[in-house]
Amino acid sequence: MRPLLGLPLAALGLLLALPAAAQDQGALDGRVNKLEREMRAVQRKVFPGGAPNQVEPQITAPTQPTEIPGTPSSGPLATLTARVDALESQQQSLTGQLEQVQYKQRQLEEAFAAYRTATDARLKTVEAGALPPATPGAVAAAGDTSTDTPAPAPATRGPGNGGGTLGAPAATPVADPARAARVNAIEKPSTGDVAEDGYTYGYRLWNAKLYPEAIAALRPVVQQYPKHRRASFAQNLIGRSYLDDGKPSLASREFYDNYKNLPDGERAPDSLFYLADALTRLKKTKEACDVYGELTDVYGDKISATMKADIAKGRIANKCA
């Protein structure tokens, strides 16, 4: 009976110990929770992207990938794909710009071809003697304000580029003794470079305002030495001679041919500029505006600041859009 009497006392002792154990368990849980929170905070600081062997936080903020200098931000295939996409985009842009330039050039060529066909037909009619030479009033009615004469006959072709002698040009007959004296006063250079000498002599004649004689001297340089550096200079100066002599129609043909045949020549931009000037004098303002646009598109990075200012003035004068 004595052991049985001790059971209520033992049970009473256990009941008294339960609140204390519960208190200890609650304190322990609080400490564990605190430690877990602190570990999560440390983990977020030490391992911003997380680590597989660490306790993941319950609430995570979106993280940005850390870029390390000197290492690719993505795989080789992704990097290569991005570069190819960039190159394709640039190619599409350049292709679009090229198509715009080609379209403007085709428009200019078509307009000038029609104009040149009409001019050639009129000149052939005059040369054939079917009609008397055009008068200023009749030409103006057709949209041309010049009374042009046919270009001098081409000179006999000489030897290869840069050597030999130029064939005797079909110079305009000089009936006026005073004019003949002016022509004879112009010194003919003789340096051994026939094309250079021909251009220099033509330039001196042009500078003396002897325009037909200048054209006769410059024409063989263009025809016999088309690959010489001075070919571009010579044909541009032929156009200048016609323009200064009051013949913008013939001048426009020379300027256009110089640009078309020698687009990389040193005087190709000048020929386009003076072509616009000639068309302006012919009252063809739309075509002149197209030429100004072509000049800017093709040679915008090569022309001087002075020419750019003159182009701006020409566009204003022609009321270009």
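Structure: above.
Rules of the game
Residues numbered from 1 in each chain as written. Predicted model: local features only at pLDDT ≥ 70, side-chain atom pairs only at ≥ 80, totals over all residues. Heavy atoms only, no water. Helix = DSSP H or I, 4+ residues; strand = E, 2+ residues; numbered from the N terminus. Phe/Tyr/Trp six-rings, centres within 6.5 Å; stacked < 30°, edge-to-face > 60°. Buried < 20%, exposed > 50% of the residue type's maximum accessible area, 1.4 Å probe, protein only. Lys NZ or Arg CZ within 6 Å of the ring centre and 35° of its normal. Axes fitted to C-alpha atoms, helices over the stretch in contact; angles between N-to-C directions. Parallel < 35°, antiparallel > 145°, perpendicular 65-115°, else oblique. Left-handed = near helix turned anticlockwise from the far one by under 90°. Contact = heavy atoms within 4.5 Å. Nonpolar A, V, L, I, M, F, W, Y, C, P; charged D, E, K, R; others polar. Lys, Arg positive; Asp, Glu negative; His and termini not counted. Salt bridge = Lys/Arg side-chain N within 4 Å of Asp/Glu carboxyl O. Polar contact = N/O pair within 3.5 Å; in protein donor to acceptor, adjacent residues only side chain to side chain.

Caption draft 1: How the structure looks around the environment of Glu109. Mapped onto the secondary structure, Glu109 falls in helix H2 (residues 76–128). In this structure the C-alpha to C-alpha distance between Glu109 and Lys260, which are 151 residues apart in sequence, comes to 9.2 Å.

Caption draft 2: Layout of the packing of aromatic side chains. Tallied over the entire structure, the rule returns 7 aromatic pairs. Summarising the aromatic geometry, the rings of Tyr199 and Phe233 are spaced 5.7 Å apart at their centres and angled 70° between planes, so their arrangement reads as edge-to-face. With Tyr199 in helix H5 (residues 194–207) and Phe233 in helix H7 (residues 229–244), this pair connects stretches of sequence that are 34 residues apart. On the basis of relative accessibility, which here comes to 11%, the residue Tyr199 falls in the buried class. Between Phe255 and Tyr274, the ring centres sit 5.8 Å apart and the planes meet at 25°, which makes this aromatic pair stacked. Of this pair, Phe255 sits in helix H8 (residues 248–261) while Tyr274 is found in helix H9 (residues 268–281), placing the two residues 19 residues apart along the sequence. Comparing Phe255 with Tyr274 shows no difference in burial state: the two are buried. Three or more aromatic residues link up through ring pairs in this structure, and these residues are Tyr199, Tyr203, Trp206 and Phe233. A cation over an aromatic ring shows up here: Arg230 above the ring of Phe233, its NZ or CZ 4.5 Å from the ring centre.

Caption draft 3: Inspection of the packing of helix H6 (residues 211–224) against H7 at higher detail. Put simply, H6 and H7 touch, their axes get as near as 9 Å, and they point 155° apart. The angle between H6 and H7 falls in the class roughly antiparallel. Seen from above, H6 lies across H7 with left-handed handedness. Taking contact as the criterion, the partners of Tyr211, Ala214, Ile215, Leu218, Arg219, Val221 and Val222 in H6 are, on H7, Arg230, Ala231, Ala234, Gln235, Leu237, Ile238, Ser241, Tyr242 and Asp244. In terms of residue class, the contact of H6 with H7 is built from 11 nonpolar, 2 polar and 3 charged.

Caption draft 4: Seen up close, the side chain of Asp197. With respect to the element layout, Asp197 can be found in helix H5. Buried and without a salt bridge, Asp197 has Arg204 as its closest oppositely charged side chain, separated by 7.9 Å. There is a polar contact of 2.6 Å between the side chain of Asp197 and the side chain of Thr191. Sequence-distant contacts of Asp197, that is, excluding residues within four places in its chain, are made with Pro189, Ser190, Thr191 and Gly192.

Caption draft 5: Spotlight on unusual backbone geometry. Its identity is not glycine, yet Lys209 carries a phi of approximately 65°, on the positive side. If you check the backbone angles, Lys319 has positive phi at about 55° while not being a glycine. Locating Lys319 in the fold gives a position in the segment after helix H11 (305–317).

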